[in-house]
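# Remarks on the overall topology
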Amino acid sequence: MSKKPIPFGWPYMTGKELYYIAEAHFNGTLSGDGPFTKKCHVWLQERVGCSKALLTHSCTAALEMAAILLDIKPGDEIIMPSFTFVSTANAFVLRGGVPVFVDIREDTLNLNEQLIESAITPRTRAIVPVHYAGVACEMDEIMAIAKRHGLKVVEDAAQGVMASYKGHALGSIGDLGAYSFHQTKNLISGEGGALLVNDPAMAMRAEIIREKGTDRSRFYRNEVDKYTWQEPGSSFLPGELIAAFLWAQLEEAEWITHQRLIAWQRYHDLVKPLEARGILRRPIVPEGCQHNAHMYYVLLEPTSDRHAVLDELNRSDVNAVFHYVPLHSSPAGQRYGRAHGRLPITNSNSERLIRLPLFVGLTEEQQQEVVLVLERTLEKQMTKPIFSRG
Ligand SMILES: *Cc1c(COP(=O)(O)O)cnc(C)c1O
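Residues numbered from 1 in each chain as written. Predicted model: local features only at pLDDT ≥ 70, side-chain atom pairs only at ≥ 80, totals over all residues. Heavy atoms only, no water.

## Topic: the side chain of S87
If you trace the backbone, S87 turns up in helix α4 (residues 86-93). For S87, a relative accessible area of 8% gives the class buried. Among all residues touching S87, those that are not within four sequence positions of it are T60 and L63. (Helix = DSSP H or I, 4+ residues; strand = E, 2+ residues; numbered from the N terminus. Buried < 20%, exposed > 50% of the residue type's maximum accessible area, 1.4 Å probe, protein only. Contact = heavy atoms within 4.5 Å.)

If you want it as structure tokens, here you go:
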């Protein structure tokens with residue numbers, strides 16, 4: 001019997017995406033900031049509660065805008081986790097900033113707020129918490145630290161759309177927040193993202209930076225009679241086709257999140273016996289954090305051979321993956337950043353983490369199959385004498 005392989009992810013479409021794309025053409029606006037972009041902005045502003053939401057090409061672009069908005073200068077230090085995607089650091093490095101990598105918490109794998117203050121120097125300008133797996137960082141403490149030291153906070157909420165911390169949407173708590181609508185995230189437009197501006201004082205400059213450094217947005221609103229070059233900027237806005245696609249997703253945001261949460265909880269129940277046997281650890285979601293089921297991961301025991309486990313899963317047609325290679329250990333991270341201490345939790349957890357397939361449309365049978373294969377694989381490893389491994 002041959003079963004269909006279970007993919008790691010699959011882009012869900014609500015069914016209205018292509019219809020809205022046709023409508024965008026009918027509207028006669030294919031460049032940016034047309035009717036669909038406006039709808040997305042209003043939805044985000046209302047949903048997130050930020051003073052301005054601006055669609056961008058990607059979360060990476062939103063983070064680059066944040067670095068320009070904060071006037072990051074060569075040598076400025078930015079505190080962030082090493083356990084994150086490259087864009088968190090790269091956006092600041094492009095402006096000459098120096099990422100200072102701080103270790104993560106054992107439970108959520110988020111930036112450890114207890115370690116932030118000892119990493120602050122006279123050159124520190126900002127803290128960039130990353131809400132890993134859509135589970136919030138300890139934002140009350142992070143905001144308090146930032147206030148005490150006069151630092152800005154940029155939330156990398158790439159994975160945090162539709163998730164919240166003590167009732168506040170992720171991305172709405174820091175001075176700035178960045179969302180991703182990349183195909184691998186919960187709500188998608190292929191490539192896509194948004195910058196959330198929570199400090200009204202930065203809203204006007206954000207518009208200018210996004211429109212090639214001009215005040216074209218004000219011109220469109222008839223607030224000025226011509227638009228001119230105001231300051232350095234770039235083209236960070238997506239065209240209307242992307243916004244039209246995204247609008248179809250935003251309309252179904254609640255439903256999509258709900259479906260993912262159901263699948264997430266199913267995994268959580270299915271792997272519970274494996275955790276009870278001490279062969280893996282499940283994700284931990286602290287009280288006050290409403291997550292969005294962005295991903296389901298398990299942490300293997302330090303003695304497990306993750307490489308072999310992943311091999312076996314993939315041979316059994318279960319497409320599981322791992323991440324991240326910690327930034328402080330990557331070639332660019334070593335050249336442009338610095339680690340604050342030895343980052344033991346980052347090093348250990350990044351080597352033990354496995355992400356299981358999770359997408360809208362994943363069936364209960366497929367999830368049972370995934371966990372069955374995982375269990376079989378881990379059991380096989382346990383019975384192997386240690387010297388024959390690898
Ligand atoms: C996906 C992701 C990004 C980058 O998002 P893009 O939209 O692909 O640029 C940045 N940070 C984190 C934590 C991410 O998961």
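## Overview of the nonpolar core
One finds L44, I127, Y179 and F181 to be the most contacted residues of the largest nonpolar core, which totals 50 residues. Ranked by the residues each element gives to this core, the list is headed by helix α9 (residues 240-251), at 6 residues. Each of two domains, domain 1 (17-249) and domain 2 (253-383), supplies a minimum of three residues to this core. Those residues within four positions of I127 in sequence are excluded, and the remaining contacts are I79, L111, I116, I142, I145, A146, L151, K152, V153 and V154. (Core = buried A, V, L, I, M, F, W, Y, C linked by side-chain atoms within 4.5 Å. Domains from an automatic or database assignment.)

## A few points about the domain arrangement of the protein chain
One can read the domain layout of the protein chain as domain 1 (17-249) and domain 2 (253-383). Computed from C-alpha atoms alone, the centre-to-centre distance between domain 1 and domain 2 is 26 Å. The partner domain 2 presents 38 residues to the 45 residues of domain 1 that form the contact. At the boundary of domain 1 with domain 2, total buried surface from both sides reaches about 3,500 Å², with 58% on carbon and sulfur atoms. Here domain 1 and domain 2 share 2 salt bridges between them. At the surface where domain 1 touches domain 2, the tally comes to 22 residue pairs in polar contact (both at pLDDT 80 or more). (Buried area = accessible area lost by both parts, 1.4 Å probe. Salt bridge = Lys/Arg side-chain N within 4 Å of Asp/Glu carboxyl O. Polar contact = N/O pair within 3.5 Å; in protein donor to acceptor, adjacent residues only side chain to side chain.)

## Observations regarding the packing of helix α3 (residues 59-69) against α4
One way to put it is that α3 packs onto α4 with a least axis distance of 8 Å and a crossing angle of 35 degrees. Handedness of the α3/α4 crossing: right-handed. Of the residues in α4, those touching α3 at T60, L63, E64 and A67 are S87, T88, A91 and F92. Among the residues forming the contact of α3 with α4, the class breakdown is 4 nonpolar, 3 polar and 1 charged. (Axes fitted to C-alpha atoms, helices over the stretch in contact; angles between N-to-C directions. Left-handed = near helix turned anticlockwise from the far one by under 90°. Nonpolar A, V, L, I, M, F, W, Y, C, P; charged D, E, K, R; others polar.)

## Section: the packing of α3 against helix α7 (residues 203-210)
In contact at an axis separation of 10 Å, α3 and α7 are set at 120 degrees when each is read in the N-to-C sense. Taken together, the axes of α3 and α7 lie oblique to each other. For the pair α3 and α7, the crossing hand works out as right-handed. Together, M65, I68 and L69 of α3 and R205, A206, I209 and R210 of α7 make up the contact between the two elements. (Parallel < 35°, antiparallel > 145°, perpendicular 65-115°, else oblique.)

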